[in-house]
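# Observations on the three-dimensional arrangement
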Amino acid sequence: MAADPSEQSLPNIGRGGDVPLSFSIEARLPGVDGRAGTLALPHGTVETPAFMVVGTQATIKSLTPAEVRGLGTQMILGNAYHLYLRPGAAIVEEFGGLHNFMSWDGPILTDSGGFQVFSLGFALEHGVGKIAKIFPGEGTQAPKRAQRPKLTRIDDEGVTFTSHLDGSTHRFTPEISIGIQQQLGADVIVAFDECTSPLHDHAYTARALDRTHRWADRCLTAWTRRDDQALFGIVQGGAYQDLRLRSAEFFAARSFPGYCIGGSLGKDKADMRAILDWTLPILPDERPRHLLGIGEPEDLFAAIERGIDLFDCVAPTRLARHGALYTATGRLQIKGARYTRDQGPIEQGCECYTCQRFSRGYLRHLFHAGETLALRLASLHNLHFIVNLVRDIRVSILDGTFATFRDTFLARYLAGQGPGQGGSISG
Ligand SMILES: [Zn+2]
């Protein structure tokens with residue numbers, strides 16, 4: 001009996017069928033690829049689309065796990081790079097893994113460390129972020145590039161990098177990254193990749209992509225020690241259409257139970273949308289997709305419409321620590337003098353702990369007094385806002401009101417967004 005030629009052309013490399021993950025799609029948006037689903041993982045079920053809260057150092061900055069859970073969070077993200085450097089993956093393993101260590105009993109995803117090796121190396125050398133955002137005070141030309149130390153060295157086997165903590169030298173390979181993530185014990189782990197910069201040209205990005213693909217196959221081979229972790233592939237290729245297509249086709253042909261969309265997402269939001277339009281239709285529809293490091297409201301709608309199921313972003317907590325608070329009419333800066341006598345909540349009708357109990361005037365006072373409660377209350381509100389915005393988008397997909405909800409929400413949100421307030425903080 002002749003084999004199905006479509007199966008012959010897809011070398012479905014790696015473990016299939018026995019991964020601890022199941023994903024079911026409950027509803028689809030008409031005419032586009034957006035969907036609402038349920039993702040079942042060893043530590044619980046995630047209703048998608050969902051926003052993961054970022055817990056870089058095995059903590060959601062300033063909040064307890066009960067508070068994080070209480071604001072509606074279903075899943076969190078930990079960083080392999082940071083936990084490898086401190087306290088060390090073997091230490092976390094001694095405590096029974098990341099769930100026990102940080103007392104979070106829900107699903108966790110760990111990233112591979114590739115993005116941190118990139119962001120703390122190349123980005124510091126060149127002053128660029130995930131979407132070509134230039135660090136404050138630096139121009140588009142790499143400043144004093146020759147005078148800066150080379151922080152990362154990439155070869156075909158792996159990456160040698162300098163610790164941002166103490167300057168010591170370390171090396172990640174695909175096998176080492178998978179080993180670290182197996183020690184940490186998250187529900188979802190991610191293949192180790194080379195994360196290119198928006199400043200890299202086509203030729204370099206193509207070479208890096210080929211390396212990322214060879215590393216992805218090595219990660220599949222290394223992914224054997226535990227049967228309670230799902231390994232996600234990570235689609236790269238920068239802002240180049242041919243490379244994104246090549247990467248999506250590479251990953252679609254392999255048995256990763258889910259995918260991340262990673263790397264440089266171009267110079268602006270239009271580039272990000274184009275990258276999703278090229279990539280997502282090629283990836284297997286029945287597997288979940290996670291867009292790494294994106295979390296601005298307008299980006300969430302655009303990505304969900306195109307078929308993204310999972311998000312993570314440091315923006316809600318990072319903005320909160322700087323006093324920038326989300327509201328339905330755009331972000332406000334709570335440190336402003338106009339809030340000194342304001343006895344209303346950050347947002348009328350918000351059900352978060354902060355808005356139920358505290359005034360804008362009190363929060364402004366806490367920020368100016370340098371009190372840590374300011375950071376906690378602001379983080380609670382911002383995370384509540386974003387986690388529940390994504391939940392509301394999910395509900396709108398299920399009840400068929402997505403387009404109306406999107407148009408109404410974005411009209412108010414973007415109209416209230418003052419100049420200079422709309423930029424992305426990604427990573
Ligand atoms: Zn609130």
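Preceding this section is the structure that the text describes.
Reading the values: rules and limits
Residues numbered from 1 in each chain as written. Predicted model: local features only at pLDDT ≥ 70, side-chain atom pairs only at ≥ 80, totals over all residues. Heavy atoms only, no water. Helix = DSSP H or I, 4+ residues; strand = E, 2+ residues; numbered from the N terminus. Buried < 20%, exposed > 50% of the residue type's maximum accessible area, 1.4 Å probe, protein only. Contact = heavy atoms within 4.5 Å. Areas by Shrake-Rupley, 256 points an atom, 1.4 Å probe, with all protein chains shown as cover. Patch = residues over 30% accessible without salt bridge, like charges linked within 9 Å, V, L, I, M, F, W, Y side chains within 5 Å. Salt bridge = Lys/Arg side-chain N within 4 Å of Asp/Glu carboxyl O. Pairing = 2+ DSSP bridges. Axes fitted to C-alpha atoms, helices over the stretch in contact; angles between N-to-C directions. Donors = N, O, S within 2.8 Å, 3.2 Å for Na, K, Ca; no water. Tetrahedral: all angles 85-135°; square planar, octahedral: opposite > 155°, others 65-115°. Lys, Arg positive; Asp, Glu negative; His and termini not counted. Parallel < 35°, antiparallel > 145°, perpendicular 65-115°, else oblique. Left-handed = near helix turned anticlockwise from the far one by under 90°.

## Description of the overall build of the protein chain
For the protein chain, the count of helices and strands is 17 helices and 16 strands. Going through the 427 residues of the protein chain one by one, you find that 57% of them count as buried. Partitioning the intrachain contacts of the protein chain with sequence separation of at least 6 by distance along the chain shows that 70% fall at a separation of at least 24. Accessible surface computed for the protein chain: about 17,400 Å², of which carbon and sulfur atoms make up 52%.

## As for a nonpolar patch on the surface
A contiguous nonpolar surface patch, about 250 Å² in accessible area, is contributed by Ile91, Phe95 and Phe101. Residue position: Ile91 is located in helix H4 (residues 89-94). Under the relative-accessibility criterion, Ile91 is labelled partly exposed at 33%.

## Some thoughts on the sheet that holds strand S6 (residues 108-111)
Here eight strands make up a closed barrel; going around it, the order is S4-S5-S6-S10-S11-S12-S13-S14 and the pairing parallel. For this sheet, the mean inter-axis angle between neighbouring strands, taken without regard to orientation, is 30°. Those strands touched by helix H10 (residues 241-252) are strand S11 (230-235) and strand S12 (258-261), and its axis lies near 160° from that of S11.

## Brief notes about the coordination of the zinc ion
Protein-derived coordination of the zinc ion comes from Cys350 (SG), Cys352 (SG), Cys355 (SG) and His381 (ND1), at a distance range of 2.1 to 2.3 Å. Bound by four donor atoms, the zinc ion shows angles of 101 to 115° at the metal and therefore tetrahedral coordination geometry. Here the donor residues for the zinc ion map to a single chain with the spacing C-x1-C-x2-C-x25-H. Taken together, the positions of Cys355 in helix H14 (residues 353-357) and His381 in helix H16 (residues 372-398) put the pair 26 residues apart, joining distant regions of the chain.

## Some points on the side chain of Arg289
Along the chain, the position of Arg289 falls in strand S13 (residues 289-291). Buried and unpaired, Arg289 has Asp285 as its nearest opposite-charge partner, separated by 4.5 Å. In contact with Arg289, other than residues within four places in its own chain, are Arg35, Tyr259, Leu280, Leu283, Pro284, Arg306, Gly307, Ile308, Asp309 and Leu310.

## A word on the packing of helix H12 (residues 297-305) against helix H17 (residues 402-415)
Two elements in contact, H12 and H17, have axes separated by 10 Å at closest approach and are oriented at 160°. By the angle class used here, H12 and H17 are roughly antiparallel. For the pair H12 and H17, the sense of crossing is left-handed. Counted together, Pro297, Glu298, Phe301, Ile304 and Glu305 of H12 and Phe402, Phe405, Arg406, Phe409, Leu410, Tyr413 and Leu414 of H17 form the full contact between these two elements.

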